[in-house]
Amino acid sequence: MNKIFNYILNRILGVANRYKNILDTHPSTKFLPNFLIIANRQSGRQIYKVKIGENCLLGVVINLEASTAQVTIGDRVFIGNSTIISKTSVFFGNDILVAWGVTFYDHDSHSLDFNLRDGDIKQTYADYINEKGNFLKNKNWDVVNSKPIVINNHVWIGAEAFILKGVTIGEGAIVGARSVVTKDVPPYSIVAGNPARVVKYLK
């Protein structure tokens, strides 16, 4: 039902109008029916947290989880039915191919300290009750580790891969399906596995 509702909104309003305070996109870019931006749940008017270049085709759900979140997508980028979760920054260069079911996650969500995680649970519950379902309204992001993700030009990321915080994927690299990428990927290499390791270098 949510997918149908989202599709109808995108068709009636147009993606650019629907997210006019959040999204800055070139008119040549096209959006698949499942494209969605979940704006950060803190209060305040949002201005261009998502920037998209020319001739892209996007079917991604973008979660802006804090007021600091920024997602930048270059030119000629295809992203299938995937997910971007950002507190800090997720950057895509040009000529990038991302398959279906890929997740980009630029933070840890919670602290390693269980006392702080316990506080997260209580605050999330309280916000859900008191803030009309806005369960991240008062989340304490200061105790959450977060680092930018950078995807350079000509990268190909296989289905259901997981790209974690602080990772830079070098130009022309390939990430195998269902890989969990925890460290930088060298340019023109192929990585695979959990955790992802270099299995081959491209000429």
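Our structure is the block above this text.
Predicted model only: the values in this text are computed from it and were never measured.

Undergrad: An account of a nonpolar patch on the surface is requested, with residue identities and associated values reported.
TA: Among the surface-exposed residues, Tyr125, Tyr128, Ile129 and Phe135 lie close enough to one another that they form a single nonpolar patch of about 470 Å² accessible area. Along the chain, tyrosine 128 falls in helix 3 (residues 114-130).

Undergrad: Any details on the pairing of strand 6 (residues 61-64)? Residues and values, ideally.
TA: Residues Val61 and Asn63 point to one face of strand 6 and Ile62 and Leu64 to the other, with burial holding for every one of them. Of the pairings in the sheet, the one linking strand 3 (residues 36-38) to strand 6 comprises three bridges and is parallel in character. The residue bridging isoleucine 37 from the neighbouring strand is isoleucine 62, located in strand 6. Here strand 6 runs beside strand 9 (residues 83-86); their pairing, made up of four bridges, is parallel. For valine 61, the partnering residue across the bridge sits in strand 9 and is threonine 83.

Undergrad: Explain the sheet that holds strand 14 (residues 156-157) to me, using residue names and the numbers behind them.
TA: Strand-to-strand pairing in sheets goes through backbone hydrogen bonds, with the strands running parallel or antiparallel. If you walk across this open sheet you meet the eight strands as 2-5-8-11-14-17-19-20, and the pairing is mixed. A single partner strand is all that each edge strand has here, and the edge strands are strand 2 (30-31) and strand 20 (197-201). When strand 17 (residues 174-175) meets strand 19 (residues 189-192), the two strands line up parallel, connected through two bridges. Among the inter-strand pairings, valine 175 is bridged to a residue of strand 19, identified as valine 191.

Undergrad: Please set out the pattern of salt bridges residue by residue, giving values where relevant.
TA: Going through the model one piece at a time under the given rule, you end up with five salt bridges. Residues aspartate 108 and lysine 165 are paired through a salt bridge, measuring 2.9 Å at the closest nitrogen-oxygen approach. With aspartate 108 in the loop between strand 12 (103-105) and helix 3 and lysine 165 in the loop between strand 15 (162-164) and strand 16 (168-169), the pair connects residues that are 57 residues apart, well separated along the chain. The partly exposed category is assigned to aspartate 108, whose relative accessible area is 30%. For lysine 165, a relative accessible area of 26% translates into the label partly exposed. In this structure, lysine 137 engages glutamate 131 in a salt bridge whose closest nitrogen and oxygen atoms are separated by 3.3 Å. On the accessibility criterion, lysine 137 (22% relative accessible area) is partly exposed. Assessed through its relative accessible area of 27%, glutamate 131 is described here as partly exposed.

Here is what the cut-offs are and how they apply
Residues numbered from 1 in each chain as written. Predicted model: local features only at pLDDT ≥ 70, side-chain atom pairs only at ≥ 80, totals over all residues. Heavy atoms only, no water. Patch = residues over 30% accessible without salt bridge, like charges linked within 9 Å, V, L, I, M, F, W, Y side chains within 5 Å. Areas by Shrake-Rupley, 256 points an atom, 1.4 Å probe, with all protein chains shown as cover. Salt bridge = Lys/Arg side-chain N within 4 Å of Asp/Glu carboxyl O. Helix = DSSP H or I, 4+ residues; strand = E, 2+ residues; numbered from the N terminus. Buried < 20%, exposed > 50% of the residue type's maximum accessible area, 1.4 Å probe, protein only. Pairing = 2+ DSSP bridges.

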